[in-house]
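Each chain, written out:
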Amino acid sequence: MTWMEAKLFLREPMSAFFTLVFPLMYLFLFGTISGNEPTPQFGGQRTIDASIPGLTAAIICITGLMSTTMTMSTYREKGILRRLRTTPVNPLIVLVAQVIVVFAMTALGMLLLVAAGKLVYHVRLGGNAFSLLGGFILSSLSFFGIGFVLAGIMPTVRSAWVVGMVLLYPMLLLSGAFFTVELLPAAVQKVSAFIPLTYVVNLLRGLWAGEAWGKHLLDVGVLAGMLLVGIIVSAKTFRWE
Amino acid sequence: MDTIVQVEGLRKVYGATVAVEDVSFEVREGEIFGMVGPNGAGKTTTIECLEGLRKPDRGAIRVLGLDPQRDGKTLRGRTGMQLQQSNLPDRMKVWEALDLYASFYPKAADWKELLSQLGLEEKRNAPFSKLSGGQKQRLFIALALLPDPQLVFLDELTTGLDPQARHATWDLVRDVRAKGKTVLLTTHFMEEAERLCDRVAILDHGRIVALDTPAALIRSLGAEERVIFTLDGGLSPALEEALSRVGRLEVQGEQVTVHGKDGRKVPLVSEVVSLLTEQGIPFRDLRTEQPNLEDVFLSLTGREMRE
């Protein structure tokens with residue numbers, strides 16, 4: 001089932017593009033614009049080094065808000081979940097398969113980014129790879145939680161799509177995923193504190209640069225809280241039809 | 001014969017609307033049992049309660065001796081279901097759907113065999129969204145047969161199909177029964193119920209208004225057989241006199257209809273034809289009309305079946 005879902009994911013041109021290709025395009029764009037000089041903004045790191053965790057956060061946000069939401073609400077609206085319900089298959093398996101696939105795709109997107117970054121720009125991972133992976137898993141799962149909640153609350157595919165989009169863009173722009181929050185006006189910087197993706201960006205950027213988990217307790221707390229709320233609310237709002 | 005499905009006093013309410021009220025019936029092993037009625041009569045609600053997809057407000061249901069609410073999982077492994085509104089992901093291929101669904105059952109039937117039995121061999125690699133209505137329904141039948149079920153539920157199987165695909169689908173349903181499986185189906189086509197089902201329950205406004213074999217239902221109507229023909233130049237008084245002794249007459253211009261009660265010794269049509277030939281009267285466009293389930297529904301509810 002998981003393998004099937006993965007094939008379906010890749011067959012959907014939009015989702016495959018946004019998860020795998022789009023971030024790479026940005027990486028090359030940043031690389032071309034910013035050059036390879038270290039900048040004080042990123043504590044001596046080059047822009048290109050800092051852009052990898054930022055773009056990873058962007059992938060997480062897109063797969064969480066769009067892929068998860070759209071797949072689940074489309075499956076429900078079209079009666080695909082209904083049909084699954086006629087079989088002895090456990091509903092949990094459906095959800096778990098979905099999470100595994102979206103997670104694998106997100107991870108693949110990140111791997112491509114890191115590989116391209118290493119090959120083309122010789123980026124350096126300042127921190128521990130496992131520690132970064134841990135942060136990545138926590139961030140992904142908490143964002144998939146948002147996706148499942150959205151899919152559960154929104155009555156139709158269209159409304160889920162609109163709300164997903166409305167949430168997606170401010171998150172991408174204001175969280176620091178593409179450029180640092182410090183470049184934004186002070187008033188906008190305050191808004192950024194209320195955006196969940198900001199915590200993903202901060203956490204991943206910190207872990208990438210080699211900072212300790214202890215420095216990011218707030219980020220971890222917020223994300224873990226979101227994950228918990230996401231699980232509870234999506235379990236409550238899950239509908240077959 | 002074993003009883004496969006037993007329903008007693010089923011009731012289901014949605015808000016203020018009573019969808020199903022006091023529905024009771026039995027389905028026996030090896031038969032094709034049909035629930036027929038207009039849209040909103042409660043057919044789908046009833047079948048979904050049997051499938052365990054909806055929880056009845058009142059009443060007792062046994063399917064294969066199990067309670068669909070309590071033993072839903074076991075039951076879903078032993079019954080096949082085709083739902084009225086359901087789909088597969090657009091980009092899922094026919095063989096992938098069968099392979100995936102086969103993996104849900106511990107002892108699944110061989111899907112490659114089903115593929116060829118249902119004539120889907122050449123559509124094996126076609127994505128779901130590219131299938132025609134008839135092909136989709138065939139795929140759904142294949143999915144319903146995957147658990148090698150004792151009982152198959154088919155909800156509005158032929159709705160939206162063209163007449164040719166509909167007839168082909170009927171043959172498939174007969175094949176399913178020929179394999180020793182019991183079929184419970186719903187339809188709003190009276191003709192389908194009459195041609196396909198061994199026994200039919202007619203539903204209207206959530207209640208069963210009649211339940212029997214199609215033939216018995218039609219017989220119970222005591223309905224008249226009709227012979228209709230056209231006479232060039234109209235009806236002469238002598239012929240009118242002779243024909244009215246055979247049955248009740250209805251004349252519309254040149255078209256004559258003779259109504260005759262059922263259960264006569266000589267068939268109405270031969271009596272009418274021999275009378276016309278004896279008198280050497282030329283006639284054309286002669287046809288007979290038998291009462292059908294449509295008439296049964298009309299006489300039971302006072303309404304036409306057509307939506």
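Residues numbered from 1 in each chain as written. Chains lettered and ligands numbered in written order. Predicted model: local features only at pLDDT ≥ 70, side-chain atom pairs only at ≥ 80, totals over all residues.

### Considering the overall build of chain A
In terms of regular secondary structure, chain A is built from 10 helices and zero strands. Along the chain direction, N to C, the helices and strands of chain A fall in the order α-α-α-α-α-α-α-α-α-α. The proportion of buried residues among the 241 residues of chain A is 44%. A separation of at least 24 residues holds for 79% of the contacts in chain A among residues at least 6 apart in sequence. (Helix = DSSP H or I, 4+ residues; strand = E, 2+ residues; numbered from the N terminus. Buried ≥ 20, exposed ≤ 12 C-beta atoms within 10 Å, placed from the backbone. Contact = placed C-beta atoms within 7 Å.)

### Re the overall build of chain B
A tally of helices and strands in chain B yields 11 helices and 13 strands. Dimensions of chain B, computed from the C-alpha atoms along their principal axes, are close to 75 × 45 × 35 Å. Here chain B, with 307 residues, has 39% of them falling under the buried criterion. Put simply, of all contacts in chain B between residues at least 6 apart along the chain, 70% involve residues at least 24 apart.

### Quick notes on the interface of chain B and chain A
Put simply, an interface is often sized by how much accessible area is lost when its parts join up. On the chain A side, the residues contacting the 20 residues of chain B number 15 residues. Across the side of chain B that touches chain A, the residue classes tally to 10 nonpolar, five polar and five charged. (Nonpolar A, V, L, I, M, F, W, Y, C, P; charged D, E, K, R; others polar.)

### Brief notes about the sheet that holds strand 9 (residues 207–212) of chain B
All names here are of chain B. A sheet is described by the order of its strands in space; here six strands give the open sequence 5-6-7-3-8-9, paired in mixed fashion. Bordering the open sheet on either side are strand 5 (79–82) and strand 9, each of which pairs with just one other strand. If you compare each strand with its neighbour and ignore which way they point, the axes differ by 15° on average. Its contacts with the sheet put helix 5 (residues 133–145) on strand 5 and strand 6 (151–155), and the angle it makes with strand 5 is roughly 160°. (Pairing = 2+ DSSP bridges. Axes fitted to C-alpha atoms, helices over the stretch in contact; angles between N-to-C directions.)

### Quick word on unusual backbone geometry
Residues and elements named next belong to chain B. Even without glycine at this site, aspartate 22 takes up a positive phi of about 50°. Inspection of the secondary structure assignment puts aspartate 22 in strand 2 (residues 17–28). By C-beta crowding, aspartate 22 is classed as partly exposed, having 14 other C-beta atoms within 10 Å. One non-glycine residue, leucine 64, adopts positive backbone phi at about 50°. On the secondary structure map, leucine 64 appears in the loop between strand 4 (58–63) and helix 2 (72–78).

### Structural notes on the domain arrangement of chain B
Segmentation of chain B into domains returns domain 1 (3–219) and domain 2 (224–290). Spacing between the C-alpha centres of domain 1 of chain B and domain 2 of chain B amounts to 44 Å. (Domains from an automatic or database assignment.)

### Observations regarding helix 10 (residues 217–237) of chain A
Over its 21 residues, helix 10 of chain A extends 30 Å from the first C-alpha to the last, a length consistent with the 30 Å expected when each residue adds 1.5 Å. Taken together, the buried residues of helix 10 of chain A touch helix 6 (129–153) and helix 9 (196–209) of chain A. (Expected span 1.5 Å × (residues − 1).)

### Looking at the packing of helix 6 of chain A against helix 9 of chain A
Residues and elements named next belong to chain A. It is at 9 Å that the axes of helix 6 and helix 9 come closest, and there the two elements cross at 170°. Relative to helix 9, helix 6 is oriented roughly antiparallel. Each of Ser131, Leu132, Gly135, Phe136 and Ser139 in helix 6 lies in contact with helix 9, whose residues at this interface are Val200, Leu203, Leu204, Leu207 and Trp208. Class assignment of the residues belonging to the contact of helix 6 with helix 9 gives a composition of seven nonpolar, three polar and no charged. (Parallel < 35°, antiparallel > 145°, perpendicular 65-115°, else oblique.)

### Quick look at the environment of Leu151(B)
Residue and element names in this part refer to chain B. Topologically, leucine 151 is positioned in strand 6. What makes leucine 151 buried here is the crowd of 22 C-beta atoms within 10 Å. Remark: the alpha-carbon pair of leucine 151 and glutamate 224, spanning 73 residues in sequence, is separated by 37 Å.

### A closer look at the sheet that holds strand 13 (residues 284–289) of chain B
Residue and element names in this part refer to chain B. Pairing within the open sheet is antiparallel, and its four strands lie in the order 11-12-10-13. Both outer strands of the open sheet, strand 11 (248–252) and strand 13, are each paired with one neighbouring strand and no more. When strand polarity is set aside, the average angle formed by the axes of neighbouring strands in this sheet is 15°. As paired strands, strand 11 and strand 12 (residues 255–260) are joined by five bridges and run antiparallel to one another. Each bridged residue has a counterpart across the sheet, and for glutamine 252 the counterpart in strand 12 is glutamine 255. Taken strand by strand, helix 10 (residues 268–278) contacts strand 10 (225–230), strand 12 and strand 13, and its axis lies near 30° from that of strand 10.

### Looking at the environment of Val23(B)
Looking at the secondary structure, you find Val23(B) in strand 2. Separated by 183 residues in the primary sequence, Val23(B) and Gly206(B) have C-alpha atoms spaced 7.7 Å apart.

### Notes on the packing of helix 3 (residues 94–102) of chain B against helix 5 of chain B
Angle between the axes and distance between the axes are the two parameters that describe a pair of packed helices. Residues and elements named next belong to chain B. Relative to each other, helix 3 and helix 5 sit at 20°, their axes nearing to 10 Å. Here helix 3 lies roughly parallel to helix 5, going by the angle between them. Judged by the sense of rotation from one axis to the other, the crossing of helix 3 with helix 5 is right-handed. Here Val94, Ala97, Leu98 and Tyr101 of helix 3 come into contact with helix 5, specifically with Leu139, Ala142 and Leu143. By residue class, the composition of the contact of helix 3 with helix 5 is seven nonpolar, no polar and no charged. (Left-handed = near helix turned anticlockwise from the far one by under 90°.)

### Quick notes on the confidence of the model for chain A
Within chain A, residue pLDDT values average 82, and 89% of them lie at 70 or more. The secondary-structure element of chain A with the lowest mean pLDDT is helix 2 (residues 13–34) of chain A, recorded at 69, while helix 6 of chain A shows the highest, at 90. (pLDDT = per-residue confidence, 0-100.)

### Considerations on helix 6 (residues 163–178) of chain B
All names here are of chain B. In this model helix 6 runs 23 Å from its N-terminal to its C-terminal C-alpha over 16 residues, within 8% of the 22 Å that 1.5 Å per residue would give. Turning to helix 6, its buried residues number three or more, namely Arg166, Thr169, Val173 and Val176. Summarising the axial view, the buried residues of helix 6 lie within an arc of 65°, below the 170-degree limit, and thus occupy one face. Of the exposed residues in helix 6, the ones pointing more than 90 degrees away from its buried face are Gln164, Asp171 and Ala178. If you follow the buried residues of helix 6, they end up packed against strand 3 (32–36), helix 5, strand 6, strand 7 (182–187) and helix 7 (190–196). (Arc of directions from axis to C-beta.)

### Observations concerning the pairing of strand 10 of chain B
Residue and element names in this part refer to chain B. With six bridges connecting them, strand 10 and strand 12 associate as antiparallel partners. Across the sheet, residue isoleucine 228 finds its bridge partner in strand 12, namely threonine 257. Sheet topology note: the strand 10/strand 13 ladder contains four bridges and is antiparallel. Bridging across to strand 13, arginine 226 finds its partner in glutamate 289.

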